Amino acid sequence: MIMMHFFRSTNKTGSYFEGWYLKHQAPKGQTLALIPAFHLDSGGRRSASLQILSNDESWWLEYPELQCSRQPFQIQIGPCSFSAQGMGLHIRQDGLSLCGTLRYGPFTAPRSDLMGPFRFFPGMQCSHGIISMRHSLTGTLELNGRQLDFSNGVGYIETDRGRSFPSAYLWTQCVWDGPERGGLMLAVAAVPLPVGGFTGCICSVYVRGREYRLATYRGAKIEKWSSSGAVIRQGKYRLEAELLRERRQALRAPVEGRMERTIHESLCAEVRYRFWHGKDLLFQHTGPNASFEYSSANDNHP
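Just so it is clear, the model here is predicted, and its values are computed rather than measured.

About the cut-offs
Residues numbered from 1 in each chain as written. Predicted model: local features only at pLDDT ≥ 70, side-chain atom pairs only at ≥ 80, totals over all residues. Heavy atoms only, no water. Helix = DSSP H or I, 4+ residues; strand = E, 2+ residues; numbered from the N terminus. Rg over C-alpha atoms; globule rule 2.2 N^0.38 Å. Buried < 20%, exposed > 50% of the residue type's maximum accessible area, 1.4 Å probe, protein only. Contact = heavy atoms within 4.5 Å. Areas by Shrake-Rupley, 256 points an atom, 1.4 Å probe, with all protein chains shown as cover. Lys, Arg positive; Asp, Glu negative; His and termini not counted. Charge placed at Lys NZ, Arg CZ, Asp CG, Glu CD. Phe/Tyr/Trp six-rings, centres within 6.5 Å; stacked < 30°, edge-to-face > 60°. Lys NZ or Arg CZ within 6 Å of the ring centre and 35° of its normal. Core = buried A, V, L, I, M, F, W, Y, C linked by side-chain atoms within 4.5 Å. Salt bridge = Lys/Arg side-chain N within 4 Å of Asp/Glu carboxyl O. 1 Å grid on protein atoms, 1.4 Å probe; cavity = no way out; pocket = protein on both sides within 12 Å on 5 of 7 lines; lining within 4 Å. Points joined across faces, edges and corners; volume = space filled by probe spheres on them. Pairing = 2+ DSSP bridges. pLDDT = per-residue confidence, 0-100.

Caption draft 1: A look at the overall build of the protein chain. From N to C terminus, the protein chain includes zero helices and 22 strands. In terms of overall dimensions, the protein chain is globule-like: its C-alpha atoms have a radius of gyration of 18 Å, near the 19 Å expected for 302 residues. Taken along its principal axes, the extent of the C-alpha atoms in the protein chain is 55 × 45 × 35 Å. A total of 302 residues make up the protein chain; the buried ones form 56% of that total. Across the protein chain, contacts joining residues at least 24 apart in sequence account for 57% of those joining residues at least 6 apart. Element-wise, carbon and sulfur atoms account for 47% of the exposed surface of the protein chain, whose accessible area totals about 13,200 Å². Where the 34 positive side-chain charges of the protein chain centre and where its 26 negative ones centre are 7 Å apart.

Encoded structure:
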């Protein structure tokens, strides 16, 4: 299965991290993301973490280790497990109670590795991949005494691995149902190389059952990008992502394998996406449950 390609051995030396971003959207607006991760610093110290992000709160939990298997897709961290079939949570600590089980439907995976030839660049700090652009959800969770019903909801899973997050980047993701059921993920980032560097982008758009791939390695040009969104063009295709409203929560991100950097993500931002082919507008969607994250090189990393 294609998702197995996203696993890498934890038998590493030198700075390294690997994490998975699992997002869950309920039909009535409740959204929850979980980020299990493994990290190794330059001194060889190993650790693991689980970050949890809801509509209006975030939590950081530390664990001594994380176990993952290449086949089948499975992650175990503390009392929590994640797999292609779903996830089970049994967290009761540090003022957080999160318990329950969700079942996943079949994954919708990209046709090929999202990084393309970028994955071979020696200076690449971080490699990004999509495991499932969308899949169905069933089940309920209980978060601090409140029941969250994800039945008939939709999920999304991606992964990152490398040494550090880029010094400057923009990332946004959204998935939606309805007559024009679809989803997308767009990332723009500063990419350092042994000599110089560049700003690159990768993007996967699913609409009407078709995947559109826009990326620097396919000739995509970044017309603009900032804390308010981005515009990229590839041939006759043009994608706009415009941030309309955000509610940011603090998360930790890796710096040379150490989770020392503070970033801010809006799990439920309002973002307007528009996608053209020439003068034809292929779709327009304003999503109230879009994820949006922006960090500049001027931000304080600790």
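Caption draft 2: Geometry of the packing of aromatic side chains. Per the counting criterion, the structure on display carries 12 aromatic pairs. Each residue in the set Trp176, Tyr212, Tyr237, Phe275 and Phe283 is aromatic and connected to the rest through ring pairs, giving one cluster. For the cation-ring pair, Arg252 lies above Trp60, with the distance from its terminal atom to the ring centre recorded as 4.1 Å.

Caption draft 3: Expanded view of the nonpolar core. Residues Leu34, Leu50, Ile52, Phe82 and Leu98 are the most contacted members of the largest nonpolar core, which totals 36 residues. Contact partners of Leu98, with chain neighbours within four places excluded, come to Leu32, Leu34, Ile52, Leu89, His90, Ile91, Leu141, Glu142 and Leu143. Judged by nonpolar contacts, the second largest core, of 28 residues, contains Met124, Phe165, Ala187 and Ala215.

Caption draft 4: Summary view of the pattern of salt bridges. Here the structure, examined in full by the defined rule, presents 12 salt bridges. Between Glu270 and Arg245 there is a salt bridge, and its shortest N-O distance comes to 3.6 Å. On the criterion of sequence distance, the pair formed by Glu270 in strand E21 (residues 258–277) and Arg245 in strand E19 (residues 237–245) is long-range, its members being 25 residues apart. Looking at Arg245, the relative accessible area reads 37%, which means it is partly exposed. Look at the salt bridges and you will find they share partners, linking Glu223, Arg233, Arg238, Glu240 and Arg274 into a network.

Caption draft 5: Quick peek at empty space enclosed by the protein. Within the structure shown, the criterion is met by one cavity of 30 Å³ or more. Lining the largest cavity are 37 residues; nearest its centre among them are Cys126, His128, Asp160, Phe165 and Pro166. It is strand E14 (residues 182–192) that provides the largest number of residues to the lining of the largest cavity, a total of six residues.

Caption draft 6: Structural view of the pairing of strand E17 (residues 221–226). Judged from the five bridges that link them, E17 and strand E18 (residues 229–234) form a sheet pairing that is antiparallel. The partner of Lys224 across the bridge, within E18, is Val231. Counting the residues in the hairpin turn of E17 and E18 gives two residues.

Caption draft 7: Here's a closer look at the confidence of the model for the protein chain. Residue-level pLDDT values for the protein chain average 90, and 93% of them are 70 or greater. In the predicted structure, residues 1–10 sits below a pLDDT of 50 and forms 35 contacts with residues beyond four places in sequence or in another chain.

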